[in-house]
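# Residue-level structure breakdown
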Amino acid sequence: MPSADLALIEDAVRDAGAIARKFYKGSYRKWSKEKGQPVTECDLAVDAFLSQKLRRARPEYGWLSEETADDPKDRRAEFVFVVDPIDGTVAFLKGKPYFTISVAAVSKGRPTAGAVYNPITGECFTAVAHEGARLNGKRIQVTSSAEIEGCRMLGPKSTFEHPAWSSEPYIPWPPMHIETRNSIAYRLALVACGSFDATMALSAKHDWDLAAGDLIVQEAGGRVTTHTGATLTYNGAEPIQPSLVAAGAALYAQMIERVRFLKLPTR
């Protein structure tokens, strides 16, 4: 069943990508949600398309999406689609090709199939539990990097500065090549395929940001957890994860040693 789910999901995100490309660098309505988060006409159009296509094919599955009102009853299904129709809306608004469409099927708290699709670059990252990860059909794997110094890190540079809220003794991070991408799902996918060595976030992220990318990194041989080393469990009562660390096994161990005792601020 997970393989069949992936075929459906991949077909859906690729079709949804055509919708996103029609809006990209064009004219469209945009506004702000609560807490000032941007949303566009494209976000809603892609969400509506995915909901129709996926739920028609799997009417017994639940639904959890950034752009759909949450229905806890709907999420009690054995399998739930976890969806971010446009992950990286800020990049989309700026006309930068760093946004993705992210969809995962989740069961018992963990993703079983997922895809992260960049409709501008054409990169489609996919994975099925226990069957490996792929980029446009070709197997991918994380890097074997084992040292933080000099590694290729994805994340805001501020993440690697001493946080004002931390009471822990500060050990400066060694020099790294740091870049960022607005889409968290894209950051995870780029780690999975070896374009970058690691990514980290010390602020809360939603399930739809992470579920598909989490599976893709794990199936590419990497590790994905909270900053304390806890496995990410999806489709809980509140679909939010406190933090993120993702990398190949050796580098992951080095990163966790630095951050696992940090006391993150409450949301």
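Read on for an overview of the structure. Bear in mind the structure is a predicted one, so any value in this text is a computation, not a measurement. (Residues numbered from 1 in each chain as written. Predicted model: local features only at pLDDT ≥ 70, side-chain atom pairs only at ≥ 80, totals over all residues. Heavy atoms only, no water.)

### A few points about helix α4 (residues 184-192)
The element α4 is largely enclosed, with a buried count of nine among its nine residues. Within the span of α4, buried status applies to I184, A185, Y186, R187, L188, A189, L190, V191 and A192. The backbone nitrogen of A185 lies 3.4 Å from a side-chain oxygen of the residue at the head of α4, namely S183. Of the residues one or two after α4, G194 is the one with positive phi, at around 90 degrees. (Buried < 20%, exposed > 50% of the residue type's maximum accessible area, 1.4 Å probe, protein only. Helix = DSSP H or I, 4+ residues; strand = E, 2+ residues; numbered from the N terminus. Polar contact = N/O pair within 3.5 Å; in protein donor to acceptor, adjacent residues only side chain to side chain.)

### Points about the packing of α4 against helix α5 (residues 207-219)
Two numbers describe how α4 lies on α5: the axes approach to 8 Å, and their chain directions differ by 5 degrees. Classed by the angle they form, the pair α4 and α5 counts as roughly parallel. In this structure, α4 uses I184, A185, L188 and A192 to contact α5, whose residues at the interface are D209, L210, G213, D214, I216 and V217. The residue makeup of the contact of α4 with α5, split by class, is seven nonpolar, one polar and two charged. (Axes fitted to C-alpha atoms, helices over the stretch in contact; angles between N-to-C directions. Parallel < 35°, antiparallel > 145°, perpendicular 65-115°, else oblique. Contact = heavy atoms within 4.5 Å. Nonpolar A, V, L, I, M, F, W, Y, C, P; charged D, E, K, R; others polar.)

### Structural notes on helix α1 (residues 2-23)
Spanning 22 residues, α1 covers 31 Å between terminal C-alpha atoms, matching the ideal 32 Å at 1.5 Å per step. Within α1, the full set of buried residues consists of D5, L6, L8, I9, A12, V13, A16, G17, I19, A20 and F23. Residue K25 follows α1 closely and has a positive phi angle near 60 degrees. (Expected span 1.5 Å × (residues − 1).)

### Side note on the nonpolar core
Core analysis: the largest hydrophobic core is formed by 36 residues, its most contacted members being F125, I140, I216 and L244. Considering every element that reaches this core, the biggest residue donor is α4, with eight residues. Once residues within four sequence positions are removed from consideration, I140 is found in contact with F125, A133, R134, L135, A192, C193, I216 and A220. Within the second largest apolar cluster, 31 residues are counted, among which are C42, L54, F99 and A113. (Core = buried A, V, L, I, M, F, W, Y, C linked by side-chain atoms within 4.5 Å.)

### Things to note about the sheet that holds strand β16 (residues 244-248)
Strand order in the open sheet made by the five strands is β11-β10-β12-β16-β14, with mixed pairing throughout. Pairing within the sheet leaves two strands with one partner each, and these edge strands are β11 (177-179) and β14 (222-225). For this sheet, the mean inter-axis angle between neighbouring strands, taken without regard to orientation, is 20 degrees. Here β14 pairs with β16 via four bridges, running antiparallel. Residue pairing for β16: T225 is matched across the bridge by V245. Running over the sheet, α5 touches β14 and β16 and is turned about 150 degrees from β14. (Pairing = 2+ DSSP bridges.)

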